[in-house]
Amino acid sequence: MPEPQREAGFDPKQSISAGGGGGAMDLAMSEAQTLEGKGPAAGGPGPQAKPRSLWSDAWRELRRNPIFIVSALLILFLVIISIWPQLIASGDPLDCDLANSEKGPAPGHPFGFDRQGCDVYTRTVYGARASITVGVCATVGAALLGSVLGGLAGFFGGWWDALLSRIADIFFGIPIILGGLVLLSVVTSSTVWPVVGFIVLLGWPQISRIARGSVITAKQNDYVHAARALGASSSRMLLRHVAPNAVAPVIVVATIALGTYIALEATLSFLGVGLRPPTVSWGIDISNAAESIRNAPHMLLWPAGALSITVLAFIMLGDAVRDALDPKLR
């Protein structure tokens, strides 16, 4: 028997939508469109949205972290004054007058004078250049050397891994302060590069071990096995698949180590084997102020305070980066 509704040209879909009597069916269709991200009520990104990567998630977390914002702004300020110290200090750090020896604050000289009659404020500002330069250059050098050696050891393994591990153990056995006293005591240069080279020489084993462990973990993932099954070369797997997923721990360790290297440079300069005059350094000023701490404590207060704030800023930045790059800590 023919259906009378179809003979009359009746369309159920048009009747439901036009008559407004669809009820539950209209609601179900609207919900389906919302879940698919295609309807006007869709508020999410939908299935077509590009998934966020580890780095985008980390940057999103960092922007919400007040510790990162404060430390990053402080580090940015320190970098600016290390490049252009004349922006906030118009004097010459080497312009000294013995008539002002160990005098306190005076108009135009808010931090007073040191034993040689030099302006403590100007020397504190200019001292940021040497400390930041040593910290950044040593960190970059140690991170590159340690990442390359540790990454190759972890990826290829075998005798290469055993050889590099034993070499790293030898450098781990050298006390860093004692090594600095021995190696830098024979250097006569007053530039920052002998100190940078020494820190890189004894700093790469720590980052090498971090890189090695991270590469060993990353190369066991399924996408690396899939790339190997498809015939990818070792260099392609290492550079395209393993290294991008193993670099996060290295960045965290290097960021924290930067503050440690700045403190190490100040310690070596305080002992007389690091930076040497006429280079302006916080460690040198602290060493000169140690004998006059009772009579002129301002000589020690300002360079020591600047050093402490700088090291603390980099350590706080490293902690914030670690929390952002480690999903387990969120």
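Rules used in this analysis
- Residues numbered from 1 in each chain as written.
- Predicted model: local features only at pLDDT ≥ 70, side-chain atom pairs only at ≥ 80, totals over all residues.
- Heavy atoms only, no water.
- Salt bridge = Lys/Arg side-chain N within 4 Å of Asp/Glu carboxyl O.
- pLDDT = per-residue confidence, 0-100.
- Helix = DSSP H or I, 4+ residues; strand = E, 2+ residues; numbered from the N terminus.
- Contact = heavy atoms within 4.5 Å.
- 1 Å grid on protein atoms, 1.4 Å probe; cavity = no way out; pocket = protein on both sides within 12 Å on 5 of 7 lines; lining within 4 Å.
- Points joined across faces, edges and corners; volume = space filled by probe spheres on them.
- Nonpolar A, V, L, I, M, F, W, Y, C, P; charged D, E, K, R; others polar.

1. Concerning the pattern of salt bridges
Then comes step 1: The final tally for this structure, using the stated rule, is eight salt bridges.
Then comes step 2: Arg322 is the salt-bridge partner of Asp323, the closest N and O atoms lying 3.3 Å from each other.
Then comes step 3: Taken together, the salt bridges that share partners define one network made up of Glu102, Arg115 and Glu291.

2. Structural notes on the confidence of the model for the chain
Then comes step 1: When pLDDT is averaged along the chain, the result is 82, and 82% of the positions lie at 70 or above.
Then comes step 2: Taken element by element, the predicted model of the chain shows its lowest mean pLDDT in helix H2 (residues 12-19) (44) and its highest in helix H5 (residues 66-83) (94).
Then comes step 3: Segment residues 31-44 is flagged for pLDDT under 50; beyond a separation of four residues in sequence, or across chains, it makes nine contacts in the model.

3. Some words on empty space enclosed by the protein
Then comes step 1: In the structure shown here, the tally under the stated rule is one cavity of 30 Å³ or more.
Then comes step 2: By volume, the largest cavity amounts to about 70 Å³.
Then comes step 3: In terms of lining residues, the largest cavity is bounded by Asp114, Val120, Arg123, Thr124, Asp285, Asn288, Met299 and Pro303.
Then comes step 4: Every element with two or more residues in the lining of the largest cavity is listed here: helix H6 (120-156), helix H13 (282-289) and helix H14 (298-325).
Then comes step 5: For the lining of the largest cavity, the element with the highest residue contribution is H6, accounting for three residues.
Then comes step 6: Grouping the constituent residues of the lining of the largest cavity by class yields three nonpolar, two polar and three charged.

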